Amino acid sequence: MRTTHTLGLLGLALLTACGQQPAPAASAPAAAADAARNIATVAEAFVTPMTPADNIDSPASWTTPDGQRWLIATAKATDKLVVYDGQTGTHLRDVGSTGTGLGQFVRPNGIAVVDDLVLIVERDNHRVQVLRLPDFAPLGVFAADDLRKPYGLWVNKREGGYDVYVTDSYDAGEDAQGNDVLPPLAELDKRVRRYAMTVQGDKAQGTLVSSIGDTSEAGALRVVESIWGDPANDRLLIAEEDETYASEFKVYTLAGRFTGTTFGRDAFKAQAEGVMLRTCDKDGWWITTEQGKQRSVFHLFDRRTFKHVGAFQGNTVANTDGIWLDPHASPRFPDGVLYAVHDDQGVVAFDWASVARQLSLPLECAP
């Protein structure tokens, strides 16, 4: 997401009156800037067909009952899902059309797959839609009464249902130049919405549980899209995409409390974007995205300490929005695969074994 924001007049007046300048949050350990630019190169395993008219945003994957791997991506401009072969990148089919009905979309953005469900955030329909695989049968929509400008989501499976966290990057209008105006800090308390989702038969329902958003200078979520969680460590990571403030990740609890920790500010030289967690027994790595226009850089941070442990780029992939890690073995990718959107036009794949080899990461661990 590339959005230009200006500070709301009220927020600017308050800062001026108090004589304050935005202060950086307390950062978790991260590599120094020079060390963070030690970037390995990992060749893409494949690049899907490029379709500029689609404006591809985010990918997710699913393994069919007969063992096929589907790579499913949202197409913002053409209001559909694009389905590729997750082993080769070959285009398989398109799903959906423009509209407000079930099975239709208006600017689909974030996507997640859990069990046999695919959830899609529709920015301009202000909702989350749930489909069942493999038929992409629509099961329902929710959140339209709450969301204003939603972008990304993370789904946490729990006993009896799912918790769905949705980022909402609403604005306070536009300035004279047509730039979005960032709301004052006091109004950023609903940057993430948490829903309890249940699926019974052919119907999915979501109920609002809480609204999340710290309103302090350090913890406020100014521009948001990408989000992912780590239930084992009670952590919710949210990308801060307001480059006029910082490109970094803020760490919240699953209940929605800002922990006081941020990381990545020293590593990122462009907008912070997609985030996923690769587990390794009780350890692992946060995979994060630096959305460079000429080349995307993927930074890995320690799961527990957030220490920067390495970075890599591809030969081609650039301007990446969403990413999706599939840790499960497949014929082409026996150690898993990382999918990343390429320049709004398609998706690339990285063999996780190649990433691990370049960054000296262990493969002998459970995903």
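About the thresholds
- For every chain, the first residue of the written sequence is number 1, and numbering continues from 1 onward in sequence order.
- Whole-chain, interface and lining totals are the exception, using all residues; otherwise, since this is a predicted model, local features are given only for residues with pLDDT of at least 70 and side-chain atom pairs are given and counted only at 80 or more.
- Water and hydrogen atoms play no part in the side-chain values, which are based on all heavy atoms of the structure.
- Numbering of helices and strands runs from the N terminus, with a helix taken as a DSSP run of H or I at least four residues long and a strand as a DSSP run of E at least two residues long.
- Only protein chains enter the calculation, and the probe is 1.4 Å; a residue is then buried if its accessible area is under 20% of its type maximum, exposed if over 50%, and partly exposed in between.
- Polar contact criterion, stated in full: a pair of N or O atoms within 3.5 Å, where within protein one must be able to donate a hydrogen and the other to accept it, and residues adjacent in sequence count only if both atoms are side-chain atoms.
- Any two strands are treated as partners once DSSP identifies two or more bridges connecting them.
- Every axis in this analysis is a line fitted to C-alpha atoms, fitted for helices over the stretch in contact. Angles between the N-to-C directions lie between 0 and 180 degrees.

The next thing to look at is unusual backbone geometry. Each neighbour pair has its own omega, and for L133 with P134 the value is 10°, a cis peptide bond. Mapped onto the secondary structure, P134 falls in the loop between β12 (127–132) and β13 (137–142).

With that settled, the discussion passes to the environment of L71. Tracing the backbone shows L71 in strand β5 (residues 69–75). For the pair L71 and G86, spaced 15 residues apart in the sequence, the C-alpha separation amounts to 4.7 Å.

This brings us to helix α3 (residues 352–359). Of all eight residues that make up α3, six are buried, and the element is covered over most of its length. Listing the buried residues of α3 in full gives W352, A353, S354, V355, A356 and L359. Backbone nitrogen of A353 and a side-chain oxygen of the N-cap are separated by 3.0 Å at the start of α3; the cap is D351. At the C-terminal side of α3, S360 shows a positive phi close to 60°.

Bringing the sheet that holds strand β19 (residues 227–230) into the picture now. Taken in spatial order, the four strands of this open sheet run β19-β20-β21-β22, and their pairing is antiparallel. In this open sheet, the two edge strands, each paired with only one partner strand, are β19 and β22 (258–263). Sheet twist, expressed as the average angle between the axes of neighbouring strands with direction ignored, equals 25°. Inspection of the sheet shows strand β21 (residues 248–252) paired to β22 by four bridges, in the antiparallel sense.

Within the element layout of this structure, S58 appears in strand β4 (residues 56–63). Of the polar contacts made by the side chain of S58, one reaches the side chain of D57; its length is 2.6 Å.

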